[in-house]
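Structural features, examined
Given next are the chains, with one letter for each unit.
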Amino acid sequence: MTDLTTRVRTGGLVDGDASRERPLGLSDDAFEQRRPVRGQITKSEVRAVSLYALGLQPDSIVWDIGAGTGSVAVEAARIAYRGRVYAVDKDADSADLLETNVARYGDERVTVIIGAAPDVLEDLPDPDSVFIGGGGAAMPRIIDEVVGRLSPGGRVVANFAAMERANDTYKTMKQMSLAPQMTMVAASRGRELPDETLRLEAMNPVFVVWGQK
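Residues numbered from 1 in each chain as written. Predicted model: local features only at pLDDT ≥ 70, side-chain atom pairs only at ≥ 80, totals over all residues. Heavy atoms only, no water.

1. Some details on the overall build of the protein
This is how it is decided: Runs of H or I in DSSP of at least four residues are treated as helices and runs of E of at least two as strands, each being numbered from the N terminus. Type-normalised accessible area, obtained with a 1.4 Å probe on protein chains alone, sets the label of each residue: buried when under 20%, exposed when over 50%, and partly exposed for intermediate values. By definition, residues are in contact when any of their heavy atoms lie within 4.5 Å. The method behind every accessible area is Shrake-Rupley, applied with a 1.4 Å probe, and residues are considered shielded solely by the protein chains displayed.
Regarding its fold elements, the protein presents five helices and ten strands. Expressed as a percentage of the 213 residues in the protein, the buried residues total 46%. Within the protein, contacts between residues separated by at least 24 positions form 70% of all contacts whose residues are at least 6 apart in sequence. Accessible surface, the protein as shown: approximately 10,600 Å² in total, 48% of it carbon and sulfur.

2. A word on unusual backbone geometry
A cis amide bond links A117 to the next residue, P118, at an omega of 10°. Inspection of the secondary structure puts P118 in the loop between β4 (110-114) and β5 (129-132). Phi is positive for A179, close to 45°, though the residue is something other than glycine. Following the sequence through the fold, A179 ends up in the loop between α5 (163-175) and β7 (181-185). According to the relative accessible area criterion, A179 is exposed, its value standing at 61%.

3. Section: the nonpolar core
We apply this condition: Working definition of a nonpolar core: buried Ala, Val, Leu, Ile, Met, Phe, Trp, Tyr and Cys residues. They are joined through side-chain atoms within 4.5 Å.
Counting 27 residues, the largest nonpolar core has W63, I65, V130 and I132 as its most contacted members. Per element, the largest residue contribution to this core is five residues, and it comes from helix α4 (residues 139-149). Non-local contacts of W63, meaning those with residues more than four positions away in its chain, are made with Y86, L121, L124, P125, P127, S129, V130, F131, V146 and R149. Core analysis: the next-biggest nonpolar cluster, separate from the first, contains 25 residues, A53, V112, I114 and F131 among them.

4. Considering the environment of G25
Within the secondary structure layout, G25 lies in the loop between β1 (5-7) and α1 (44-54). As a C-alpha pair, G25 and R47 span 22 residues in sequence and 9.7 Å in three-dimensional space.

5. With respect to α1
To be explicit about the condition: Each direction from the helix axis to a C-beta atom contributes to the arc, which is the arc of those directions.
Residues of α1 that are buried include every one of V46, R47, S50, L51, A53 and L54, and no others. The arc that holds the buried residues of α1, viewed along the axis, is 155°, so those residues lie on one side. Where α1 is buried, its residues meet α2 (71-79), β5, β6 (155-160), β7 and β10 (206-212).

6. Focus: the pairing of β5
Heads up, the rule is: Whether two strands pair comes down to DSSP finding at least two bridges between them.
In β5, alternate side chains face the same way, and those of S129 and F131 on one face and V130 and I132 on the other are all buried. Pairing between strand β2 (residues 61-65) and β5: four bridges, direction parallel. By the bridge assignment for β5, D64 is matched with F131. Bridge analysis of β5 against β6 gives four bridges, and the strand direction is parallel.

7. Notes on α5
Applicable threshold: Helix span, as expected, comes to 1.5 Å for every residue beyond the first.
With 13 residues, α5 ought to run about 18 Å at 1.5 Å a step, and its terminal C-alpha atoms sit 18 Å apart, in line with that. Every buried residue of α5 is accounted for by A166, T169 and M173. All buried residues of α5 fall inside an arc of 65° around its axis, so they share one side. For α5, the exposed residues set more than 90 degrees away from the buried face come down to E164, K174 and Q175. After α5 finishes, the residue S177 shows a positive phi value of roughly 60°.

All we've got here are geometric facts, nothing functional implied.
Here you go:
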C-alpha cells in the first residue's frame, strides 16, 4: 500500500443533490490563491472547456492531478454530485490553501491527497474522468498510469501553457489509441479604463488536450 498523506474536509453544500442548483459558474476570485503571486489557477474560461471535455456524469469518479487551488476539483464535484473527486497535489506547502477551497465549496465529495503522482494514485478507485493540471517530468508515467486505470469510455484531459508539451501529450495519447483532440483557449477579459471605456486584456493561451478510452 502506498503511504498517502490524505486530508478530508467537509463544508459548503451538505445535500448531495443541492449542487444541481448551480453546477458551474464560480469566479476565479471565489478561490483562495497562492500568495504573493495570484493567478496560479485554472482560469474560469479554461475550466469551462476542460470540464466539458471531461464528459462528467452525476456518478463519475474523478482524479484531479496537480489540483493546485482545487478549482477544477470543486466544480467537477458539483457536476458529479453522486460521485467522488480526488484532488491530488504534491505541494505540501499549499495544502492548507487547497483544503480551504475544498472545505468552502467541495464538501464531502472531494478527497484531498498530498503526494506526487503517479505514486499516490495506486490506492485510488479507478477513474471515469481524469484532469491533469500539472505533471512536469513525470507526465509520461502519469499518462501511462491513468490510461491503464481509466474506465472504458473514460476521458483524460490535460492543460498546458507550452505548445511543445501539449504536442508531446497529444502524440502519446494517439499512440495509446485515445483519439486525442486539442483546443487552444485564448480568451480576453474586459477591463474598464478610468474614462469608463472598455478595453480587452488578453490572457495567456492554454492548450487543452483530451482523449477517450
